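Each chain, letter by letter, is given below.
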Amino acid sequence: MAKITFLIISGVLLMSFADPTADDILKLVDRNMSSKNRVFESEMIIHGRRASRTITSRTYSVGTTESFTEYLSPAREQGTKMLKLENQLWIYSPSTDRIIQIAGHMLRQSVMGSDLSYEDMMDDRKLTDIYNARIAGNETIDGRKTYVLELTAKVEDAAYFSQKIWIDTERFVPLKQEMNAKSGQLLKRTTLSDVRQVQGRWFPMKIVYKDVLKEGDGTEFRLTSVKFDQDIPDYIFTKAALKK
């Protein structure tokens, strides 16, 4: 029923504007990509200059303000945990049995040598909350027609001042993103694929991140399981849960 309801709502919205505005498009993207809460398991494959390594994890998140991640493998990373509450981030390391807060410039550091920064992982806000948008054209990516949007930050704490984003015209999922500094310099590029229907929404199960200022072939992020609107115990989002 939820799946049918979502598709009907999306259809009604699309019929109400034959030529959608940039904001209309972003709202439909947010419907797919944002949720009340979610639980997912993933593989993060870091392609370095000499070799690749895979890190698996399980993440619980509520809205845009609470997130808890536990790393499951390899043995070297197993038991490491991260907790985000609002704009604060803590990491627990089992090897030292210490909880460390990540703040300030440290948020721009790489997560476990990947192409993602802590800042990337923390900012789960809706695109409509962060950016003003304009339609820059249409392009085809891997046989899929896309709207090309140019986004400019309307909040001071955006991780990236501007973005260029290619959005599937039928499924309203980003297929490609380019993130830029205020100077206009390209900082990161992402490609999103393996788009599937999950509980009535379209969602990409594979994302490849490339920090263009870093050597290596990027970081591949694969979702092996994702569930939306789950019952998540409140105690998970506490500092006490980091040492459990």
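Rules and cut-offs
Residues numbered from 1 in each chain as written. Predicted model: local features only at pLDDT ≥ 70, side-chain atom pairs only at ≥ 80, totals over all residues. Heavy atoms only, no water. Helix = DSSP H or I, 4+ residues; strand = E, 2+ residues; numbered from the N terminus. Rg over C-alpha atoms; globule rule 2.2 N^0.38 Å. Buried < 20%, exposed > 50% of the residue type's maximum accessible area, 1.4 Å probe, protein only. Phe/Tyr/Trp six-rings, centres within 6.5 Å; stacked < 30°, edge-to-face > 60°. Lys NZ or Arg CZ within 6 Å of the ring centre and 35° of its normal. Core = buried A, V, L, I, M, F, W, Y, C linked by side-chain atoms within 4.5 Å. Contact = heavy atoms within 4.5 Å. Salt bridge = Lys/Arg side-chain N within 4 Å of Asp/Glu carboxyl O. Expected span 1.5 Å × (residues − 1). Polar contact = N/O pair within 3.5 Å; in protein donor to acceptor, adjacent residues only side chain to side chain. 1 Å grid on protein atoms, 1.4 Å probe; cavity = no way out; pocket = protein on both sides within 12 Å on 5 of 7 lines; lining within 4 Å. Points joined across faces, edges and corners; volume = space filled by probe spheres on them. Nonpolar A, V, L, I, M, F, W, Y, C, P; charged D, E, K, R; others polar. pLDDT = per-residue confidence, 0-100. Pairing = 2+ DSSP bridges.

A. Representation of the overall build of the chain in the model. Per the secondary structure count, the chain includes 4 helices and 13 strands. Taken over the C-alpha trace, the chain has a radius of gyration of 18 Å; the compact-globule value for 244 residues is 18 Å, and the two agree within 12%. Principal-axis analysis of the C-alpha atoms places the extent of the chain at approximately 60 × 45 × 35 Å. Out of the 244 residues belonging to the chain, those deemed buried represent 44%.

B. Up close: the packing of aromatic side chains. Summed over all chains, the structure comprises 3 aromatic pairs. Centre to centre, the rings of Phe-40 and Phe-221 are 6.4 Å apart; their planes meet at 75°, and the pair counts as edge-to-face. Remark: Phe-221 occurs in strand β13 (residues 218-228) and Phe-40 occurs in strand β1 (residues 37-47); sequence separation between them is 181 residues. Residue Phe-221 is classed as buried on the basis of its relative accessible area, which comes to 16%. Across from the ring centre of Trp-202, 5.6 Å away, lies the NZ or CZ of Arg-171, which sits over that ring.

C. How the structure looks around the nonpolar core. Formed by 25 residues in total, the largest nonpolar core has its most connected members in Leu-89, Tyr-118, Phe-221, Leu-223 and Val-226. For this core, the elements supplying multiple residues, two or more each, are β1, β5 (88-93), α3 (118-122), β11 (186-198), β12 (201-211) and β13. When sequence neighbours within four positions are dropped, the list of residues in contact with Leu-89 reads Met-82, Leu-83, Lys-84, Ile-100, Gln-101, Ile-102, Leu-107, Tyr-118 and Met-122. Counting residues in hydrophobic clusters, the runner-up holds 20 residues, among them Leu-127, Tyr-160, Ile-167 and Met-179.

D. Summary view of the pattern of salt bridges. In total, this model carries 16 salt bridges according to the counting rule given. Residues Lys-243 and Asp-97 are paired through a salt bridge, measuring 4.0 Å at the closest nitrogen-oxygen approach. Taken as a pair, Lys-243 in the segment after β13 and Asp-97 in the loop between β5 and β6 (98-102) lie far apart in primary sequence, 146 residues in all. Relative accessible area serves as the criterion here: at 46%, Lys-243 is assigned to the partly exposed category.

E. Molecular detail of helix α2 (residues 22-33). For α2, built from 12 residues, the straight-helix expectation of 16 Å at 1.5 Å per residue is met to within 8% by its first-to-last C-alpha distance of 16 Å. Buried within α2 are the following residues: Ala-22, Asp-24, Ile-25, Leu-26, Leu-28, Val-29, Asp-30 and Asn-32.

F. Up close: the environment of Asn-37. With respect to the helices and strands, Asn-37 occurs in strand β1. By relative accessible area, which is 7% here, Asn-37 ends up buried. Separated by 102 residues in sequence, Asn-37 and Glu-139 place their C-alpha atoms 32 Å apart. A polar contact is formed between the side chain of Asn-37 and the backbone nitrogen of Gln-230, at a distance of 2.6 Å.

G. Looking closely at the side chain of Ser-35. In this fold, Ser-35 is placed in the loop between α2 and β1. Its relative accessible area of 17% is what places Ser-35 among the buried residues. Here the side chain of Ser-35 touches Asn-37 through a polar contact of 3.3 Å, landing on its backbone oxygen. Residues in contact with Ser-35, not counting those within four places in the same chain, are Gly-63, Arg-201 and Phe-228.

H. Molecular detail of the layout of surface pockets. Roughly 380 Å³ of volume is contained in the second largest pocket. As for the second largest pocket, its lining consists of 18 residues, and the residues nearest its centre are Glu-86, Asn-87, Met-122, Arg-125 and Asp-157. When residues of the lining of the second largest pocket are traced back to their parent elements, those giving at least two are β5, β6 and α3. Residues of the lining of the second largest pocket, tallied by class, amount to 5 nonpolar, 6 polar and 7 charged.

I. Layout of the confidence of the model for the chain. Averaged over every residue, the pLDDT of the chain is 91; the share at 70 or more is 93%. Within the model, the stretch residues 1-9 combines pLDDT values under 50 with 8 contacts to residues more than four positions away or in other chains.

J. Representation of the environment of Asp-217 within the structure. Within the element layout of this structure, Asp-217 appears in the loop between β12 and β13. Between the C-alpha atom of Asp-217 and that of Arg-171, which follows or precedes it by 46 residues, the distance is 28 Å. Discounting residues that sit within four places of it in the chain, Asp-217 has contacts with His-47 and Lys-210.

K. Expanded view of the pairing of strand β3 (residues 66-73). Of the pairings in the sheet, the one linking strand β2 (residues 52-62) to β3 comprises 7 bridges and is antiparallel in character. Within β3, the residue paired with Thr-56 across the bridge is Ser-73. Adjacent in sequence and paired antiparallel, β2 and β3 are bridged by 3 residues, among which Gly-63 carries a positive phi angle near 55°.

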